[in-house]
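Secondary and tertiary structure notes
Listed below, chain by chain, are the residues.
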Amino acid sequence: MSTEQHDPDAYGHELARIRHHQSEATGARFTVFQALAAAGIPPEQADEIVSKLEAGAVAGAHTWISESSAPHGSDPQFEDGWFAGVRDVASYLLRIADTTATTQRGLAASSALLLAHPRQPTSPAPTPAQEPAPTLDTKKVLATARRCTWALADPGDFLGPEASDEIMAAALGAVREDERAGYPERLEAFAEQHRARLEELLRAYGPGSAPASHGRYMLAGQPESLIVCERMEAVPFLLRSRWDEALEAVLLDDLEFAWGPRTRLSR
């Protein structure tokens, strides 16, 4: 077994390279959707085409992993462990390929909305006859999130106020004006609908889990993560744009991987 020490700097470089590839993939996907739309391909068919391409890329990684071998000269026990690990990783990659090929829907439509948004004329200034857009009560939303997650996580593990404020600002920035009035109730309904899934998220990735021990998945089990997951399902592109303006992408990437939304913007 290798005795190589964990190098935090090397791991940080790996994360930076992964984020770079994820960012490049998001931009490339957007360009492909633009080209398909210009060619008259409807959104549903465009989603299917891109999903198959991305599933094929994951399948290629599956083949590469499956054909890898233990270092030459390894003892039999090491080889047994190596091939067991290879089988586990390959099986997981296969599940990702299956999911990618069948569940990625709405990406093309979201891309079209983003493309059209800058072209829309600027809304006129509100007149006395117009109702002002409702505002979100951040404290009320956070209190709702904490009520929904108190049974799932230990409050002693919650993030400090400063980190919480930054995450809340990014997440609530993705709540559209027409959703603000009843957003706390929407959040409660989401938590009730996905309670079992939230419990599994905490068990697998929350404080005390093996992935969390490596300094990853910081949002798993946090009250704020309920808001992020809800927005991830509702408006993934809008959430990503708000997030990238203020916070490290890896925080959202990790939670996105753990939650497994219908529309995944990272790999």
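Since this is a predicted model, take the numbers as computed values, not measurements.

Structural notes on helix H7 (residues 183–193)
All buried positions along H7 are accounted for by Tyr183, Pro184, Leu187, Phe190 and Ala191. Looking straight down H7, one finds its buried side chains confined to an arc of 120°; they lie on one side. Of the exposed residues in H7, those oriented more than 90 degrees away from the buried face are Glu192 and Gln193.

Let's talk about the environment of Leu265
Along the chain, Leu265 turns up in the segment after helix H11 (249–259). Residue classification places Leu265 among the buried positions, given a relative accessible area of 3%. Sequence spacing of Leu265 and Phe237 is 28 residues, and the spatial spacing of their C-alpha atoms is 7.8 Å.

Overview of empty space enclosed by the protein
Within this structure, the stated rule accounts for 2 cavities of 30 Å³ or more. Counted as a void, the second largest cavity has a volume near 30 Å³. Taken together, Met232, Pro236, Leu239, Arg240, Leu252, Glu256 and Leu265 make up the full set of residues lining the second largest cavity. Elements supplying a minimum of two residues to the lining of the second largest cavity: helix H10 (236–246) and H11.

Quick notes on the side chain of Ser225
As for its position among the elements, Ser225 is in helix H9 (residues 223–234). Here the side chain of Ser225 touches Leu219 through a polar contact of 3.4 Å, landing on its backbone oxygen. Beyond its immediate chain neighbours, meaning those up to four positions away, Ser225 contacts Leu219 and Leu255.

Overview of the packing of aromatic side chains
One pass over the structure, following the stated rule, counts 3 aromatic pairs. Between Phe190 and Trp259, the aromatic rings sit 5.9 Å apart at their centres with planes inclined by 40°, giving tilted as the arrangement. Of this pair, Phe190 sits in helix H7 while Trp259 sits in helix H11, and the two are 69 residues apart along the sequence. Ring geometry for Tyr205 and Tyr217: centres 4.6 Å apart, planes at 40°, overall tilted. Separated by 12 residues along the polypeptide, Tyr205 in helix H8 (residues 195–205) and Tyr217 in the loop between H8 and H9 bring together distant segments of the chain. An identical accessibility class is assigned to Tyr205 and Tyr217; each is buried.

Examining the packing of H7 against H9
Following both chains from N to C, one finds H7 and H9 inclined at 90°, their axes separated by 10 Å at the closest point. The orientation of H7 with respect to H9, classified from their angle, is roughly perpendicular. Touching Tyr183, Arg186, Leu187, Phe190 and Ala191 of H7 are Leu226, Ile227, Cys229, Glu230, Arg231, Glu233 and Ala234, all from H9. Of the residues assigned to the contact of H7 with H9, the class counts are 8 nonpolar, no polar and 4 charged.

Looking at the nonpolar core
One finds Leu226, Ile227, Val228 and Trp243 to be the most contacted residues of the largest nonpolar core, which totals 35 residues. Counting residues per element, the ones that place at least two in this core are helix H5 (138–149), helix H6 (161–172), H7, H8, H9, H10 and H11. Setting aside residues up to four positions removed in sequence, Val228 forms contacts with Ile167, Ala171, Leu239, Trp243, Leu252 and Leu255.

Quick word on the pattern of salt bridges
Counted according to the given criterion, the structure contains 14 salt bridges. The closest approach of N and O atoms between Glu188 and Arg147, which form a salt bridge, is 3.0 Å. Of the two residues, Glu188 sits in helix H7 while Arg147 sits in helix H5, which places them 41 residues apart along the sequence. Among the residues examined, Arg147 registers a relative accessible area of 47% and is labelled partly exposed.

A few points about helix H2 (residues 43–66)
End to end, H2 covers 34 Å across 24 residues, agreeing with the expected 34 Å (1.5 Å per residue, within 8%). The complete set of buried residues in H2 reads Ala46, Asp47, Val50, Ser51, Glu54, Ala55 and Val58.

Some details on the confidence of the model for the protein
Of all residues in the protein, 75% have pLDDT values of 70 or greater, and the mean over the chain is 78. Within the protein, H7 carries the highest mean pLDDT (92), whereas helix H4 (residues 107–116) carries the lowest (59). In the model, residues 1–6 has pLDDT below 50 throughout and makes 2 contacts with residues more than four positions away in sequence or in other chains.

Here we look at the environment of Met168
Looking at the element boundaries, Met168 is found in helix H6. When the C-alpha atoms of Met168 and Leu142 are compared, they prove to be 8.0 Å apart, with 26 residues separating the residues in sequence. In this view, Met168 contacts Thr138, Val141, Leu142, Gly173, Glu224 and Ile227; residues no more than four positions away in its chain are not counted.

Criteria and thresholds
- Residues numbered from 1 in each chain as written.
- Predicted model: local features only at pLDDT ≥ 70, side-chain atom pairs only at ≥ 80, totals over all residues.
- Heavy atoms only, no water.
- Buried < 20%, exposed > 50% of the residue type's maximum accessible area, 1.4 Å probe, protein only.
- Helix = DSSP H or I, 4+ residues; strand = E, 2+ residues; numbered from the N terminus.
- Arc of directions from axis to C-beta.
- 1 Å grid on protein atoms, 1.4 Å probe; cavity = no way out; pocket = protein on both sides within 12 Å on 5 of 7 lines; lining within 4 Å.
- Points joined across faces, edges and corners; volume = space filled by probe spheres on them.
- Polar contact = N/O pair within 3.5 Å; in protein donor to acceptor, adjacent residues only side chain to side chain.
- Contact = heavy atoms within 4.5 Å.
- Phe/Tyr/Trp six-rings, centres within 6.5 Å; stacked < 30°, edge-to-face > 60°.
- Axes fitted to C-alpha atoms, helices over the stretch in contact; angles between N-to-C directions.
- Parallel < 35°, antiparallel > 145°, perpendicular 65-115°, else oblique.
- Nonpolar A, V, L, I, M, F, W, Y, C, P; charged D, E, K, R; others polar.
- Core = buried A, V, L, I, M, F, W, Y, C linked by side-chain atoms within 4.5 Å.
- Salt bridge = Lys/Arg side-chain N within 4 Å of Asp/Glu carboxyl O.
- Expected span 1.5 Å × (residues − 1).
- pLDDT = per-residue confidence, 0-100.

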